[in-house]
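As a plain string of letters, each chain reads:
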Amino acid sequence: GSAVNVAQDSPPNVVVRDVLTEYMGLLYRGMTFHGGRVPEHCASDVRSQILEFLLLSDGETHHIMEALFRSNPNSLLKIIELILADPTADSEKKSDIVAASLSALHAQSESVTAVLTSWYAVLSKEPSSSSVVGNVMTMIRHLMSSGTRDTSRDREKSVENLLRNATHSERGCWKHGKIPPSEAFLIHKLAGEAGFLNIRVYLYLLEKKHEDALALYLSEGRYHPEYIGDISSFLTVMMMDRQEVAEPFVIRNFEKLVLLSAETAAMLVNSSLLHRSADLKQFCLSGSSSDEVVYAFLKSFLEASDAPGVIFDVEVCKRYVTLLVGEDPGEVLEFLKRFEGILNPQEVLGMLTQTSFSDRQTKLRPAIIYLMSKLGDFVTATGLWKTELRDRMAELRAAISADRKSSEPAASGISDLVGVGLDICRAAVLKDPSGFSSVWFTLLESFLKPKSILFAYDNQSRRLSERGVSSPMTHHLPDEIKEAEV
């Protein structure tokens, strides 16, 4: 009962714990307050009692250890250092102290990562390297167990920090990164069970198995999206430091990389693989590459690259147009404008008009209008444009009737369509300034209708807003919008 009381965080207990920690440190050294000495025949029993006191637990929580860490962690670490360095202390008790200490550290509000360097410094002072290894392995087992309170990523970072100290510090028990096969096998196994990809990759790198590290990230990373940032950084470093290994591996496994993260694949190509454009074009055009993967990569590469033409030649552009028709037909027009001059308008028009789904045909209409105007068929282009404008106006009327906010995309679509109409006019005048003036007047009449309708809608919306009406219904609509026909 008194032990539990000491573990509670009342102000008097905090003071008592500070004194208690200092007193235990003195007793374990064989001293008492005021310079006294513990009798020789009692020293062993005193040390055993300190161990038992620190290990007090209710079966799940080490209340005393947790409370002492909250009050004075540095003093407690010094006591643990004395215990671990004590040649007379039972080795099993030492392992229990390490496990209990780690459990208590995990119960604190802050991550254990910050204290692991100090921890390793404590363990490294032991005279027996085999004992150090044993304690390090105990810490690793505990950190990889799911019973700790830290998040999975915090525990993984703690293990990685511990391994780096053990393999690369001057006092490391596995100097120069040489972990014995038995310990390495066990760490691999524990990391696999815990789902710690970074630990397994770190071990592969210590073993100079760079391809195994890359393969692990690409095969397992898609199931662990939280690692995408780590994988991206790792691939970038590998491309700089181990290009002779990383480059051919990435090209061979490019589909896996895109499945993992199309954005990462595009970034890597843009930064390090543009000189492999022939291989990447082959990937995009190969029948073995799935449409989903090729589309994801090309879309991400278009967004990431300042020089997309390195990969987007005529054949790749045609493949992407085909994919856009199926995935996002509304974006075909912008793509055609961006790569104007590369694709044959007649050929692309044939591709688009073969689309069998009516909803896609509707979304492709602006692109078809654009291509017809490029081919000089301004009469057909104008007719399609007016049909498209009529449909968009109907969408706007329906949207305003339902909800004012939902009308904004429809109004924006009409604005974009007006731009398409202007393109038709410009193209017509450039081809024959005198013969195509009728196109101007036909479209001008249509321009004025949506402008007056939108102006009326804007005025009505402003009046409703001033009266506190936020969602106009049909009976609030201006007559021009209710009755308009293009």
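We now turn to the structure provided with this report. (Residues numbered from 1 in each chain as written. Predicted model: local features only at pLDDT ≥ 70, side-chain atom pairs only at ≥ 80, totals over all residues. Heavy atoms only, no water.)

## Re the overall build of the protein
Step number 1: From N to C terminus, the protein includes 26 helices and zero strands.
Step number 2: Every one of the 486 residues in the protein was classed for burial, and the buried ones make up 45%.
Step number 3: By sequence separation, contacts in the protein at least 24 residues apart represent 63% of the contacts at least 6 residues apart.
Step number 4: Carbon together with sulfur atoms contributes 52% to the accessible area of the protein, which is approximately 24,400 Å² in total. (Helix = DSSP H or I, 4+ residues; strand = E, 2+ residues; numbered from the N terminus. Buried < 20%, exposed > 50% of the residue type's maximum accessible area, 1.4 Å probe, protein only. Contact = heavy atoms within 4.5 Å. Areas by Shrake-Rupley, 256 points an atom, 1.4 Å probe, with all protein chains shown as cover.)

## Points about the packing of aromatic side chains
Step number 1: Taken as a whole, this structure holds 11 aromatic pairs when the rule is applied.
Step number 2: Measuring from ring centre to ring centre gives 5.2 Å for Tyr217 and Phe234, while their planes differ by 65°; the resulting arrangement is edge-to-face. Residue Tyr217 is located in helix H12 (residues 210–220), and its partner Phe234 is located in helix H13 (residues 228–241); the two are separated by 17 residues in the primary sequence. The same class applies to Tyr217 as to Phe234, namely buried.
Step number 3: Ring plane angle 75° and centroid distance 6.4 Å describe the contact between Phe283 and Phe297, whose orientation is recorded as edge-to-face. Here the residue Phe283 occupies a position in helix H17 (residues 277–285), and Phe297 occupies one in helix H18 (residues 291–304), the gap between them amounting to 14 residues. Phe297 matches Phe283 in its accessibility class, with the two residues each being buried.
Step number 4: Put simply, the rings of Tyr295, Phe312, Tyr320, Phe335 and Phe339 pair up and form one aromatic cluster.
Step number 5: A cation over a ring is seen here: Arg47 above Tyr28, with NZ or CZ 6.0 Å from the ring centre. (Phe/Tyr/Trp six-rings, centres within 6.5 Å; stacked < 30°, edge-to-face > 60°. Lys NZ or Arg CZ within 6 Å of the ring centre and 35° of its normal.)

## Quick look at the nonpolar core
Step number 1: Ranked by internal contacts, the top residues of the largest apolar core, which has 127 residues, are Leu54, Trp174, Phe254, Phe297, Phe312, Phe335 and Leu352.
Step number 2: The leading source of residues in this core is helix H8 (residues 129–144), at eight residues. (Core = buried A, V, L, I, M, F, W, Y, C linked by side-chain atoms within 4.5 Å.)

## Considerations on helix H9 (residues 152–168)
Step number 1: Given a rise of 1.5 Å per residue, 17 residues ought to cover 24 Å, and the 24 Å separating the end C-alpha atoms of H9 matches this to within 8%.
Step number 2: Within H9, burial applies to Arg155, Glu156, Ser158, Val159, Glu160, Leu162, Leu163, Asn165, Ala166 and Thr167. (Expected span 1.5 Å × (residues − 1).)

## Examining a nonpolar patch on the surface
Step number 1: A surface patch of nonpolar side chains, amounting to about 330 Å² of accessible area, comprises Val15, Val19, Tyr23 and Phe33.
Step number 2: In this structure, Tyr23 sits in helix H2 (residues 11–28). (Patch = residues over 30% accessible without salt bridge, like charges linked within 9 Å, V, L, I, M, F, W, Y side chains within 5 Å. Salt bridge = Lys/Arg side-chain N within 4 Å of Asp/Glu carboxyl O.)

## Quick look at the pattern of salt bridges
Step number 1: If you walk through the whole model with that rule in mind, you get 18 salt bridges.
Step number 2: A salt bridge links Glu160 to Arg164; the nearest nitrogen and oxygen atoms lie 2.8 Å apart. With Glu160 and Arg164 both in helix H9 and four residues apart, this pair spans about one turn of that helix.
Step number 3: Judged by relative accessible area, Glu160 falls into the buried class, the value being 18%.
Step number 4: What makes Arg164 partly exposed here is its relative accessible area of 40%.

## Some points on the environment of Ser75
Step number 1: Inspection of the secondary structure puts Ser75 in helix H5 (residues 73–85).
Step number 2: On the accessibility criterion, Ser75 (26% relative accessible area) is partly exposed.
Step number 3: Put simply, Ser75 and Asp18 are 57 residues apart on the chain and 8.7 Å apart in space, counted from C-alpha to C-alpha.

## Quick look at the packing of H17 against helix H19 (residues 314–327)
Step number 1: Relative orientation of the contacting elements H17 and H19 amounts to 35°, with a least axis distance of 10 Å. With respect to the hand of their crossing, H17 and H19 are arranged in left-handed fashion. Contacts between H17 and H19 pair Lys281, Cys284 and Leu285 from the former with Glu315, Val316 and Arg319 from the latter.
Step number 2: Grouping the constituent residues of the contact of H17 with H19 by class yields three nonpolar, no polar and three charged. (Axes fitted to C-alpha atoms, helices over the stretch in contact; angles between N-to-C directions. Left-handed = near helix turned anticlockwise from the far one by under 90°. Nonpolar A, V, L, I, M, F, W, Y, C, P; charged D, E, K, R; others polar.)

## Digging into the packing of H19 against helix H21 (residues 345–353)
Step number 1: Relative orientation of the contacting elements H19 and H21 amounts to 25°, with a least axis distance of 11 Å. Classed by the angle they form, the pair H19 and H21 counts as roughly parallel. Between H19 and H21 lies a crossing whose hand is right-handed. On the side of H19, the interface is formed by Lys318, Val321, Thr322 and Val325, while H21 contributes Glu347, Val348, Met351 and Leu352.
Step number 2: Class assignment of the residues belonging to the contact of H19 with H21 gives a composition of five nonpolar, one polar and two charged. (Parallel < 35°, antiparallel > 145°, perpendicular 65-115°, else oblique.)

## Notes on the side chain of Glu388
Step number 1: Assignment of secondary structure puts Glu388 in helix H23 (residues 378–402).
Step number 2: Exposure remark for Glu388: the relative accessible area of 2% places this residue in the buried category.
Step number 3: Beyond its immediate sequence surroundings of up to four residues, Glu388 is in contact with Thr362, Arg365, Pro366, Ile369 and Leu417.

## Let's talk about the environment of Val98
Step number 1: Mapped onto the fold, Val98 is located in helix H6 (residues 91–106).
Step number 2: In this structure, the C-alpha to C-alpha distance between Val98 and Thr138, residues 40 residues apart in sequence, is 7.2 Å.

Nothing here speaks to function; it is all geometry.
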